[in-house]
Structure formats: structure tokens, C-alpha cells
Amino acid sequence: MSSKYRIDYHLKRHRKDEFIDWIKGMLSIPFCLLHSYNLEDVMNATNELETDLKGDKITEEAFQRYLAIFQDIESLVQEKIKDNNDGKSRLDQLVPSIGPIFTPLPLARAFAIQSDKRRISARRFVSVSFNDVRHILNTAQVLHFTDPNVSKLKLVTFDGDVTLYEDGGSLTNDNKIILPMLEILSHGVKVGLVTAAGYDTPEMYETRLSGIVEALYMREDIPYNYKQNLVIMGGESNYLFQYYEDKHLEKRGFLKVEPHQSWMLPEMVEWDDNDIKAVLDLAERILHKLKKKLNLSPETQIIRKKRACGIMPGHKVDEKTAENIKPLKFTRENLEEMVLTLQKIMENYPPAQRIQFSCFDGGSDCWCDIGGKDLGVRALQYFWDKENPIKPTETLHIGDQFAPMVGCNDFKSRLSGCTLWIASPEETNELLMDILQRWQK
Ligand code: IMP
Ligand code: MG
């Protein structure tokens, strides 16, 4: 018999991050035990606002109990790394969907920083939240990469939409993120945009990234070989572009690195073009069917590319001028229905099993792309030096789409390196500034 809990669990499983949920669960125990109020306690809590001393005592007690839990989780992570992520560690047994963790995470220190910043231990009525834990994990990863005693950060990759700019936006010259990105490049770190946006030629990327291209061109203090460390991996893992400039001709932008220049991973080269075509044909048929079945508006567009097929809601068009007047939106339910339908059918389709694909919802559209960000990041790790590739322990991918098993395309990058899960370009900026400030210390 299915309980309501189980139904909810199965329906929402694709949206959950089980590691974060598990940590939240652990922390909810001291929260309940410490703060289980009866009426008298609620009155005390009110008084507490006036008598700082008692408030501080409870806050300190909560802090110590949470801290002890983070110390334990930190040890579990250490143990998992020592076991080479073989899937048999205690942490893997406790959180079966956890996947690899490449570096130690100083979670106790990260908790102390975030508890201070977000007043986590001072809260009496709101327990440690999903976002609290997400921030703690991000800070722990930053602390690791800014510890002078560990291996260096060599490659930072960014997702585009929501990570570097607002959804559908561009990296224009007023974007605050440009400065820390240039600083990271000036440290000799490779920087890649690993985006689902897939175009075979550089023009679209040059327009969207115009701010950083112009700013980089103007920086005389950054050597050219460092500037060439700025690359774009487009269409998840399908198209590679590298920054170039020519001061005599006053030209700058991105040059396509042809796949035959052997940047593609051997497994990708082996994919059969017929399988790729079959997968995209099927995706296109499914999307047409869904358009009818879900009664989507006639403005809905189904787009077929060489390495992707997607569905977009389109625009309301002015009847007189034929101009786009208002962007339309899919409902959240329809977006999820589409991405889960694509994924489930593809999982059982033999040509799709012989290649790799990513079905995801980008917030306002839904795509089936050939390849994935795990491959995109890995191809970059090998791009500069095949004999001596950058390791997952030296790689950091920053993105917003990590939540579900299905439907989020940054999720796969976890297989190739360390990650920061952000919720807005402002958060990306803050984390980059934090890394740079700690490097300077
Ligand atoms: P990302 O956040 O940088 O990975 O970009 C994802 C967004 O790129 C999607 O939501 C789409 O709006 C857009 N996009 C443009 N072309 C493609 C494509 O070929 N595949 C997937 N997404 C695309
Ligand atoms: Mg994104």
C-alpha cells in the first residue's frame, strides 16, 4: 500500500538532493530537542529577546550541537575519499545517491562561518534549511580550494544562464562578475563557460559574452597565453571555442577549435551519427506529441539543431506589426512533464543507450541535448595537456541546475569535478570574491 509520504517521495524524487536532505534531517534532531516549545517556553523566548544572556546560552548550545554533527559528516567525507569513492563507504550507505566527492570538505569551519553570517544557530522557530546547507557546502568547497596546503585550483567552469547572467541574459560590460573572472584568469587558472546553449559558430557567444571579451582585450597586464585560457564549451559538450585577439587588426573574440583537433574524448568520437540522428528524431516526435497532448499554445516552437532538440514557449505576436510583444511561459507542471517524458522514453531507446544525452528544463524551455556537462568539463580537463590532464580535485564547476536526477544539466558535472551550487549571478560573484580574498591572505 502506498502511503501519502511514499507517493510524494516518488513524485518529487527527481527534485531532491538526498545529501542535503539527509544533512537537514540530522540537524533537525538537535533543533527539535533544544527548541521543542511549550507555551511557557514561547513566553521565555519572547523574554529572551530582552535578556540577551539566556538567548546567547541557547544559541551557543545549538551551535555546539550542530557543529558536532558537521564534524562527524566531515569525517564521513574523508572516509569516502580514502575509499576512492568506491560506493561502499559509510556515507554511501547512508546516502545511496551521493555520487563522488573529490576533495575533503572542511564542513565544521564552513558551518561556523555560515552560522555567523545567516544566524543559523540563533533561530528558534526555523530549523536549518536547504539553502543554509547549500551555502555551508559551498563555503566548505571554497575553504578547501583556498587552503595553501592542498592541490591548486586549475580549472573553473561556469554555467551560463542564472550563473553568470540572468536567465536568457548576456555578460555585458556592466556585469560585476567580469572583474573576478579576469582576476582568476590572471592567476593562470583556466576558465570555461560550459553551457547548454549550442551554436556551431562563435558569433552568438561573442555577443552574449561581449563584456568579458572587451575587458580581457583591454588588460595589458594579463599575458596572451593566460588570456587563451578562456574557452567556451557549447551545447553541453559539442562545440569548443577559444579566446583570441589580434592587436594589429584590433580583433578579438572566439575561434572555433575543430573537433578533429582532437579535443573530443575518445568515447564521444565513437558515437555513431545514425544513433545521434535517431535520438534527435525521436525527441522531435515526442515534443510534437506533447505539444498536442498538453494543449500548448500555437506559438510554441520546436527547434531542431545538429546536436539538440528543444521546445520553447515563443512570443505573443502583435497582429498588426507582426512584432513579438510578450514572451509566453510554460507552466512548471508542463515543463516537468515534458522533461520527464523525454528522459523516460530515451532511457529505454537503444540508440540513446549507445550515446550520451541530457534532458533538462532550462526554467522556461526544455531540451534533449547530445552529450552532457560531465563530458564538457572532462574534455576541457584534457584540452590543454592530454598527457597531464587537470584532475577532478583541481576542477570547480559553478552552476544553478543541480537539484534533480533528471531535468537539471549541471548535475552531471559532479561526475567530473567539484561544484558550487548557486541560485543567482550575485551568489556566483560573492563566491568568486571570497575565493580571491582568501587567496590574497
Ligand atoms: P545554460 O544555463 O548556460 O546551460 O543554458 C541553458 C539555456 O540555453 C537553455 O535553457 C536554453 O534557453 C538555451 N539554449 C540555447 N540553445 C540550446 C541548445 O542547443 N540546447 C539547450 N539549451 C539551449
Ligand atoms: Mg543555468
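Cut-offs used in this document
- Residues numbered from 1 in each chain as written.
- Chains lettered and ligands numbered in written order.
- Predicted model: local features only at pLDDT ≥ 70, side-chain atom pairs only at ≥ 80, totals over all residues.
- Heavy atoms only, no water.
- Helix = DSSP H or I, 4+ residues; strand = E, 2+ residues; numbered from the N terminus.
- Rg over C-alpha atoms; globule rule 2.2 N^0.38 Å.
- Buried < 20%, exposed > 50% of the residue type's maximum accessible area, 1.4 Å probe, protein only.
- Donors = N, O, S within 2.8 Å, 3.2 Å for Na, K, Ca; no water.
- Near = heavy atom within 4 Å.
- Polar contact = N/O pair within 3.5 Å; in protein donor to acceptor, adjacent residues only side chain to side chain.
- Areas by Shrake-Rupley, 256 points an atom, 1.4 Å probe, with all protein chains shown as cover.
- Nonpolar A, V, L, I, M, F, W, Y, C, P; charged D, E, K, R; others polar.

Attention now moves to the overall build of the protein. For the protein, the count of helices and strands is 17 helices and 13 strands. Over its C-alpha trace the protein gives a radius of gyration of 24 Å, about what one expects of a compact globule, namely 22 Å for 441 residues. Seen along its three principal axes, the alpha-carbon backbone of the protein occupies a region of about 70 × 60 × 50 Å. Relative to its full complement of 441 residues, the protein shows a buried share of 49%.

Ligation of the magnesium ion (ligand 2) by protein atoms is provided by Asp159 (OD), Asp161 (O) and Asp400 (OD), these donors lying 2.2 to 2.3 Å from the ion. Sequence spacing of the donor residues for the magnesium ion (ligand 2), all on one chain, is D-x1-D-x238-D. Highlighted residues: aspartate 159 in the loop between β1 (155-158) and α8 (178-186) and aspartate 400 in the loop between β12 (395-399) and β13 (418-421), separated in sequence by 241 residues. Owing to a relative accessible area of 5%, aspartate 159 belongs among the buried residues under this scheme. Residue aspartate 400 is classed as buried on the basis of its relative accessible area, which comes to 19%.

The next thing to look at is unusual backbone geometry. Note: most residues except glycine have negative phi, and most peptide bonds are trans. You will see that asparagine 84, though not glycine, has its phi angle at about 55°, which is positive. Mapping asparagine 84 onto the fold places it in the loop between α4 (52-82) and α5 (90-94). The phi torsion at valine 162 lies on the positive side, around 75°, for a residue other than glycine. Looking at the secondary structure, you find valine 162 in the loop between β1 and α8. By relative accessible area, which is 22% here, valine 162 ends up partly exposed.

This part takes up the site of ligand 1. Among the 17 residues in the neighbourhood of ligand 1, the closest are listed as Asp159, Thr195, Lys305, Asp365 and Asp369. Here an oxygen atom of ligand 1 and a side-chain polar atom of threonine 195 are 2.6 Å apart. When isolated, ligand 1 has an accessible area of 500 Å², and the protein chains bury 91% of it. Counted by class, the shell around ligand 1 contains 6 nonpolar, 5 polar and 6 charged residues.

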